[in-house]
Amino acid sequence: MKQTLLHNGRRITYYRSDTVRPVALVLLHGFCEDASVWDGLLSDLNDLHPVRIDLPGFGGSDPSPSNDFDAWADDVCAVLNDLSAKTCVLIGHSMGGYTALSFAKRYPERLAGFGLFHSHPYEDTPDRKESRRRGIEMLQSGKRDLYVAQLFPGLFAEAFVKTNPAVIETLIARGRQQPATGIIGALESMIARKDHRDTLRDAACPVLFVLGSDDAIIPVDWALQAAVLPAVTDVHVLPGVGHMAMFEAPEKSVEIVRQFWEFCAAR
Ligand code: MLT
């Protein structure tokens, strides 16, 4: 069921079923995606009634006036309030993980656990910031479709790209529906974000890490250095998987998310 709430005059769209678990399971998508990126996992997570949010500037949600993941975390909190959900297990894919980290810093009392699904706590490197700035220029010059087309193939392990072209085509088509203003806002937010290793060190709840051995964006060794920071951590390195386990290893993704939610909800 699609819901849209007004938060400070902006639309935030999210998807829910008629029930929400007392410890809600909330899923946040990554860059140039929207809540539909989780659709393939829904039938197997049905009994957990996952809530999926369109982050600012994507899907049915308006862009955020400030390019700052703290403001995005406030939107996530507005959805929890709208659902009357006191606590949740918040799983963020990549850029959704950056939002989850800001949420963990701002609203630790609302978390029974949170997960970095192909994500990490580090600030952008200078090279990464530069490449994002080039992306912003490309988008500002009207090349949104080209930008999106070159983005998605690099997110998957090579073997998956060869055998599943339709998955990548679908993501590109969906990405091309995202407004350039939303994509630019996300790039600016990623450039501006700060290191969140302290948020991991301070986490009072369990933290999940899902990593892909073939992720070209998040080298496993680098992410594992962050994975040892929380007091309670659940780490999975998926062999042969790139940056998109919800497509590349859907059954394993369901098993990991379900077990993590059960562990956090029972504490
Ligand atoms: C994502 O999938 O959200 C992006 O890879 C995040 C990033 O570019 O850092």
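None of these values were measured; they are calculated from a predicted model.

**Student:** Any chance you could explain the overall build of the chain here in plain terms?
**Tutor:** Within the chain one finds 12 helices and 8 strands. Relative to its length of 267 residues, the chain is compact, with a C-alpha radius of gyration of 17 Å against a globular reference of 18 Å. When the 267 residues of the chain are sorted by exposure, 55% land in the buried category. As presented, the chain carries roughly 11300 Å² of accessible surface, and 51% of it is formed by carbon and sulfur atoms. One finds the centroid of the 27 positive side-chain charges in the chain at a distance of 3 Å from the centroid of its 34 negative side-chain charges.

**Student:** How should I be thinking about the pattern of salt bridges in this particular structure?
**Tutor:** This structure, assessed with the given rule, holds 14 salt bridges. For aspartate 34, the salt bridge identified is with arginine 174, shortest N-O distance 2.8 Å. With aspartate 34 in the loop between β3 (23–28) and α1 (39–45) and arginine 174 in helix α7 (residues 165–175), this residue pair connects regions lying 140 residues apart in the sequence. Accessibility expressed as a relative area gives 35% for arginine 174, which makes it partly exposed. In this structure, the salt-bridge partner of arginine 106 is aspartate 70, at a minimum N-O distance of 3.7 Å. Here arginine 106, found in helix α3 (residues 95–106), pairs with aspartate 70, found in helix α2 (residues 69–82); they are 36 residues apart in sequence, far enough to count as distant.

**Student:** Honestly, unusual backbone geometry in this entry has me stumped. Any pointers?
**Tutor:** Excluding glycine, residues mostly carry a negative phi; peptide bonds, for their part, are mostly trans. For cysteine 32, which is not a glycine, the phi torsion comes out positive at approximately 65°. On the secondary structure map, cysteine 32 appears in the loop between β3 and α1. Not every positive phi belongs to a glycine, and histidine 49 is a case in point at roughly 50°. Among the secondary structure elements, histidine 49 is positioned in the loop between α1 and β4 (51–53). In this structure histidine 49 comes out as buried when scored by relative accessible area, which is 18%.

**Student:** Mind showing me how you'd approach helix α12 (residues 250–265) here?
**Tutor:** Along an α-helix, residues three or four apart share an orientation, since each turn contains 3.6 residues. Look at α12: 22 Å from first C-alpha to last across 16 residues, which is about the 22 Å you get at 1.5 Å a residue. Those residues of α12 lying buried are Ser253, Val254, Ile256, Val257, Arg258, Phe260, Trp261 and Cys264.

**Student:** It is not clear to me how the packing of aromatic side chains should be interpreted in this structure. Could you clarify?
**Tutor:** A ring pair, where both rings are aromatic, is described by two values, the distance of the centres and the angle of the planes. As enumerated under the stated definition, the model contains 8 aromatic pairs in all. When the ring of phenylalanine 156 is compared with that of phenylalanine 160, the centres are 5.1 Å apart and the planes differ by 10°; the resulting orientation is stacked. No difference in accessibility class separates phenylalanine 156 from phenylalanine 160, as the two residues are buried. Among the aromatic residues, ring-to-ring pairing joins Phe69, Trp72 and Tyr98 into one connected group. Above the ring of tyrosine 98, the side-chain terminus of arginine 193 is found at 3.8 Å from the ring centroid.

**Student:** Would you explain the site of the ligand in this entry?
**Tutor:** Around the ligand lies a shell formed by Gly30, Phe31, Ser94, Met95, Tyr98, Arg128, Arg132, Met190, Ile217 and His243. Residue arginine 128 places a side-chain N or O atom 2.8 Å away from an oxygen atom belonging to the ligand. A distance of 3.0 Å is found between an oxygen atom of the ligand and a side-chain nitrogen or oxygen belonging to histidine 243. For the ligand, whose accessible area on its own is 270 Å², the fraction buried by protein is 96%.

What counts and what doesn't
- Residues numbered from 1 in each chain as written.
- Predicted model: local features only at pLDDT ≥ 70, side-chain atom pairs only at ≥ 80, totals over all residues.
- Heavy atoms only, no water.
- Helix = DSSP H or I, 4+ residues; strand = E, 2+ residues; numbered from the N terminus.
- Rg over C-alpha atoms; globule rule 2.2 N^0.38 Å.
- Buried < 20%, exposed > 50% of the residue type's maximum accessible area, 1.4 Å probe, protein only.
- Areas by Shrake-Rupley, 256 points an atom, 1.4 Å probe, with all protein chains shown as cover.
- Lys, Arg positive; Asp, Glu negative; His and termini not counted.
- Charge placed at Lys NZ, Arg CZ, Asp CG, Glu CD.
- Salt bridge = Lys/Arg side-chain N within 4 Å of Asp/Glu carboxyl O.
- Expected span 1.5 Å × (residues − 1).
- Phe/Tyr/Trp six-rings, centres within 6.5 Å; stacked < 30°, edge-to-face > 60°.
- Lys NZ or Arg CZ within 6 Å of the ring centre and 35° of its normal.
- Near = heavy atom within 4 Å.
- Polar contact = N/O pair within 3.5 Å; in protein donor to acceptor, adjacent residues only side chain to side chain.

Spatial relationships are all this shows, so hold off on functional conclusions.
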